Structure formats: structure tokens, C-alpha cells
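# Structural overview
Residue-level listing of the chains:
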Amino acid sequence: MAKLLKCALIGYGYWGRNVAKALHNSTDFKLMTIYDNDKQAQLEATQTYALKSYESYEAILLDKSIQAVFIITPPHTHYHLAKAALESSKHTFVEKPLTTQSAQARYLYDLADSQNVKLYCDHIFLHSPAIAYLKAHIQSFGEIVYINARRINLGLFQSNVDVIWDLAIHDLSIIDYLVGLEIEEVSTFGAKYLDYPNDALANINLSLKNGIIITLNLSWLSPIKVREMIIGGSKKTAIYDETKRDKITIFDTGVVIKNTFDKTNLYKKMVEYKLGVQFCPTLPHNLALDNSIAYFGHYILGHTKEVKNDKAHVLRVIEALEQISLAKSPPL
């Protein structure tokens, strides 16, 4: 039996609790400790799991038996916490976004290389069975014409990032994994709500260099939770919804661009849909978080077959977020 990698979890909030449970059940990691600045959260962690106690984050990093650190804290803390972990030669798992600046992300990757440890940002949906299916079958869709995504909910208002950095990062990471993310043009509209400091809703339009049109609709203000992505190809169309039991519906229905024009319609492209059947593929039921943590363990040990969440991918997504944010229209 392989020896488990000893790890520490930093942050025991909403998502930290999910990560703690996954690490507790992991066949790759042994959860040694959980640390949170919030004393009540720290107490709850201690009451739930049998853990070793440390007086500070710095004390955890000084323990040479701790091989990996999982950072599940607010985005504005990621850079400094990850930097300290890497400087202490710890393999480092960071909740998305890795940082809120691409320059900081590049520095962390260079630091990880210099320390000969692994830095990993959890773009979690790259480890979803549904996305694995789409990746394996995307070529059968023909030429991808558009991707439309809605990621809306009555959300937890973030004080340090806006709705774009909180929600769009998921769709952008999926899009980059499936079709690439080289942006040709971008337009962004964002709006705040009441006195909250950051935008609570946003609409993003992207034109990629490969010709694909992307539209993203994001909101923390919706009374319902929607996680829907439509991928329209010339041969097939897919609807992916992580909230549903049948997460993918494939339509044997493609977008047809008519290229024969008369003089009246010379500058207009006629778009129609081929009619066809639909089906929902059977997918594995394992959780994306469990898959991601297992992947990180294999990545540390050099056992990964497919490269996911690598430096180039993470940097493309952060740079896209920066570009989208810069393109934001001023409030009316």
C-alpha cells in the first residue's frame, strides 16, 4: 500500500469543509491538521476530526513532516499564503483563483520550480466526469460555432472579488480546456447592487481567434441556481448542467451556416438548425472534488497521464479575467 502524503488544510469555511471531508476520505492524502484564523471554525474542525494542533500557519510550515498544503481561503489571501508554503518547500493546492494578478501567478510558478515542488490551482470542473465526456467527444460536434453559459444564483457576496472573478473563472477554465481561450475581442457589462463594493452581475461577450463566439451571463442576484452551458457545433449541440442528474444532453442537431447568398443577403449569413434526436450519456458518479484531489496526489508523485490545470492553462484563464475586467463598460 502506498504511503499517504501528509497534508494541512488552511481555511475551514463553506468550501473548506467540503475539502476537509474529501481529504479525510482520500486514498492519497492523510489530513494532519486544519487551521483557520476564525476560532469558532477552528473549534468545529477540531471537534469533527482527529487533528494535530498548531499555534499558527507558520508553525505548520515549519513541520517538515507536512508535505502538502491545501489553501481554501478568500482569493486576496492566496498569493501570500501560497508564497509562504512554496518557500517552505510544500506542495501547494490553491482554490480558484490562484491569484488575482497574473504577475503574481507567474511568480508563484517560478517559485515552485525553484523549490522543486508542485503548485496546483483547483479549476475543479476540469475533473468533472461531464467535462471529461465533452472533451472526449468535442470533435464529433463538428465546427464549434458558439458557447453560451449562464452561471447565476442568489450568491454569497464576495468582499474581495466581483462576480466575474468568482463565477466566470469556472466557465473560462472549461472553455479553455475544450476549445482554447485566445481572445480576439471582448465586451463586458457589470453592475453593483446597493452598497456592495463589487459587481454582482455581469454579461460578457467574447470573440475567440478560432472564430467561436462566447457569451457568459453571471449573477449573484438570481432566485434560482443555474449552471448551464450550451455548446453549438455544425454537427451536434450539447447542453451541460452540473446541477441536474443527467448533466449532459446531446442533440444530433447542428448549426448550419448558409454560404450561398443572393445580392440582397450578400452580407448576411443565414443560420438554421438541422433537426435530430437527443440523448443523455451515462456518466460516472464520482465527484469532481475527489477527482481533483486525487489528481493532485498523482501530480506530486509524477503519475499523471493527462496534463490538466497546468501553468499555461491557469495563466490563460487569469489573463482572460484581467482582459474581461479591463473591458468593463462604465456604469450608466
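Residues numbered from 1 in each chain as written. Predicted model: local features only at pLDDT ≥ 70, side-chain atom pairs only at ≥ 80, totals over all residues. Heavy atoms only, no water.

In the nomenclature of an unreviewed UniProt entry, the chain is known as Gfo/Idh/MocA family oxidoreductase of Helicobacter marmotae.

## A look at the overall build of the chain
Helix and strand counts for the chain stand at 9 helices and 15 strands. Computed over C-alpha atoms, the radius of gyration of the chain comes to 21 Å, within 12% of the 20 Å expected from 2.2 N^0.38 for 332 residues, which places it in the range of a compact globule. Reported as C-alpha extents along the three principal axes, the dimensions of the chain are approximately 75 × 50 × 40 Å. The buried share among the 332 residues of the chain stands at 49%. If you sum the accessible surface of the chain, you get close to 17,000 Å²; carbon and sulfur atoms cover 53% of it. Side chains of the chain carry 35 positive and 34 negative charges; the gap between the two charge centres is 4 Å. (Helix = DSSP H or I, 4+ residues; strand = E, 2+ residues; numbered from the N terminus. Rg over C-alpha atoms; globule rule 2.2 N^0.38 Å. Buried < 20%, exposed > 50% of the residue type's maximum accessible area, 1.4 Å probe, protein only. Areas by Shrake-Rupley, 256 points an atom, 1.4 Å probe, with all protein chains shown as cover. Lys, Arg positive; Asp, Glu negative; His and termini not counted. Charge placed at Lys NZ, Arg CZ, Asp CG, Glu CD.)

## What to know about the domain arrangement of the chain
Taken domain by domain, the chain holds domain 1 (5-121) and domain 2 (128-286). Computed from C-alpha atoms alone, the centre-to-centre distance between domain 1 and domain 2 is 32 Å. Counting from both sides, the interface comprises 7 residues of domain 1 and, opposite them, 6 residues of domain 2. Between domain 1 and domain 2, the buried area comes to about 600 Å², and carbon and sulfur atoms account for 73% of it. Taken together, domain 1 and domain 2 are joined by 1 salt bridge. K96 serves as the salt-bridge partner of D166, at 3.2 Å between the closest nitrogen and oxygen. Inspection of the region where domain 1 meets domain 2 yields 1 residue pair in polar contact (both at pLDDT 80 or more). When its residues are assigned to classes, the side of domain 1 that touches domain 2 shows 3 nonpolar, 3 polar and 1 charged. (Domains from an automatic or database assignment. Contact = heavy atoms within 4.5 Å. Buried area = accessible area lost by both parts, 1.4 Å probe. Salt bridge = Lys/Arg side-chain N within 4 Å of Asp/Glu carboxyl O. Polar contact = N/O pair within 3.5 Å; in protein donor to acceptor, adjacent residues only side chain to side chain. Nonpolar A, V, L, I, M, F, W, Y, C, P; charged D, E, K, R; others polar.)

## Section: the packing of aromatic side chains
One pass over the full model with this rule turns up 12 aromatic pairs. When the centroid spacing of 5.1 Å and the interplanar angle of 85 degrees are considered together, the rings of F29 and F70 count as edge-to-face. With a gap of 41 residues between them, F29 in strand β2 (residues 29-35) and F70 in strand β3 (residues 68-71) connect regions that are remote in the sequence. Across the pair, exposure class does not vary: F29 and F70 are buried alike. Look at Y295 and Y299: their rings are 6.3 Å apart centre to centre, the planes differ by 20 degrees, and that puts the pair in the stacked class. Of this pair, Y295 and Y299 both sit in helix α8 (residues 288-301), 4 residues apart, which is roughly one turn of the helix. Members of the aromatic cluster, joined through ring pairs, are F29, F70, F93, Y120, Y295, F296 and Y299. When the ring centre of Y299 is taken as origin, the NZ or CZ atom of K118, which lies over that ring, is 5.0 Å away. (Phe/Tyr/Trp six-rings, centres within 6.5 Å; stacked < 30°, edge-to-face > 60°. Lys NZ or Arg CZ within 6 Å of the ring centre and 35° of its normal.)

## So, the UniProt feature "domain: Gfo/Idh/MocA-like oxidoreductase N-terminal" (unreviewed entry) in the chain
Per the UniProt record, the feature "domain: Gfo/Idh/MocA-like oxidoreductase N-terminal" (unreviewed entry) sits at residues 5-122. Regarding residues 5-122, the helix share stands at 43% and the strand share at 22%, and the terminal C-alpha atoms are separated by 18 Å. (UniProt positions renumbered as here; feature names shortened; annotations may be inferred.)

## Overview of unusual backbone geometry
Leaving glycine aside, a negative phi is the common case for residues, and trans is the common case for peptide bonds. The omega torsion across K96 and P97 is -15 degrees, close enough to zero to call that bond cis. If you trace the backbone, P97 turns up in the loop between β4 (91-95) and α5 (102-115). Even without being glycine, N116 reaches a positive phi, approximately 60 degrees. Counting through the fold element by element, N116 comes out in the loop between α5 and β5 (119-122). Looking at N116, the relative accessible area reads 69%, which means it is exposed. Its identity as a non-glycine residue notwithstanding, N309 has a phi of 55 degrees, on the positive side. Along the polypeptide, N309 turns up in the loop between α8 and α9 (311-326).

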